[in-house]
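Observations on the model geometry
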Amino acid sequence: YLGASMRTLYPDSFDGCRSLDTIEVDPNNTTFIAVDNCLIQKNNNQLILASNNAKIPADGSVKVIGKNAFSGLNSIDEIIIPEGVTTIVAEAISNCPNLQKLSLPSTLTSFDLNYITGCNSISAVLFPNGHPIYTAEGNAISDKSAKTLILGFASTEIPDWVTTIGADAFKE
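The structure contained in this document is the topic of the report that follows.

So, how was this worked out
- Residues numbered from 1 in each chain as written.
- Predicted model: local features only at pLDDT ≥ 70, side-chain atom pairs only at ≥ 80, totals over all residues.
- Heavy atoms only, no water.
- Salt bridge = Lys/Arg side-chain N within 4 Å of Asp/Glu carboxyl O.
- Helix = DSSP H or I, 4+ residues; strand = E, 2+ residues; numbered from the N terminus.
- Buried < 20%, exposed > 50% of the residue type's maximum accessible area, 1.4 Å probe, protein only.
- Lys, Arg positive; Asp, Glu negative; His and termini not counted.
- Polar contact = N/O pair within 3.5 Å; in protein donor to acceptor, adjacent residues only side chain to side chain.
- Contact = heavy atoms within 4.5 Å.
- Pairing = 2+ DSSP bridges.

1. Quick word on the pattern of salt bridges
- Counting across every chain of the model gives two salt bridges.
- We note a salt bridge from Glu-91 to Lys-67, for which the minimum N-O separation is 4.0 Å. With Glu-91 in the loop between strand S7 (87–88) and strand S8 (93–94) and Lys-67 in the loop between strand S4 (64–65) and strand S5 (70–71), the pair connects residues that are 24 residues apart, well separated along the chain.
- We note a salt bridge from Lys-101 to Glu-78, for which the minimum N-O separation is 3.6 Å. Of this pair, Lys-101 sits in strand S9 (residues 101–103) while Glu-78 sits in strand S6 (residues 78–80); the two residues are 23 residues apart in sequence, bridging distant segments of the chain.
- According to the relative accessible area criterion, Lys-101 is partly exposed, its value standing at 31%.

This is the structure:
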């Protein structure tokens, strides 16, 4: 529970809270809001923290998934990033040992190459068909125009059309 006076949280403030299931914020807090067990910074629509029971709201209140937003969560097995989210920063999703499925929106235009780290159980990555830049073909994230595999996982099958594997594409 964050009180009405809370104004500042650092990206690693809750790092290692593996059993975090509920996030609540005082309704009089002018900086943060909690929606569906997600802590959102109001001024920049950034998801700061998610719990094991988080469901990212699809109401447009989240545009950015911040550093360590999904960090060290033991129970989460699927993350669905809704339409409207445009940016995922470095280490936004890290050390979630049971994360198996990641769904990305067509509105995603920017993500750091190291936005997922230490999530070794991912077996499915989904990107909507027709995204202008990226595809999840072969269970990897690739840049279609550059023909470059950007991020791969243990279950990745490199598509035939890929000509380059990016630096750290399979780094864990």
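That was the structure; now back to the text.
2. Examining the side chain of Asp-26
- Tracing the chain through its elements places Asp-26 in the segment before strand S1 (32–35).
- The side chain of Asp-26 is buried and forms no salt bridge, while Arg-7, the nearest opposite charge, is found at 8.7 Å.
- Looking at Asp-26, its side chain comes within polar contact range of the side chain of Tyr-1, at 2.9 Å.
- Sequence-distant contacts of Asp-26, defined by excluding residues within four places in its chain, comprise Tyr-1, Leu-2, Gly-3 and Ala-4.

3. Some words on the sheet that holds S5
- Taken in spatial order, the three strands line up as S5-S8-S11 in an open sheet, and their pairing is parallel. Each edge of the open sheet carries a strand with a single partner, namely S5 and strand S11 (116–117).
- With two bridges connecting them, S8 and S11 associate as parallel partners. Bridge pairing in S11 places Ile-93 opposite Ile-116.

4. Focus on the pairing of strand S15 (residues 148–151)
- In the sheet, strand S14 (residues 141–143) pairs with S15 via three bridges, with the strands oriented antiparallel. Looking at the pairing, Ser-142 lines up with Leu-149 of S15.
- Between the antiparallel neighbours S14 and S15 lie four residues, among them Lys-147 with a positive phi of about 55 degrees.

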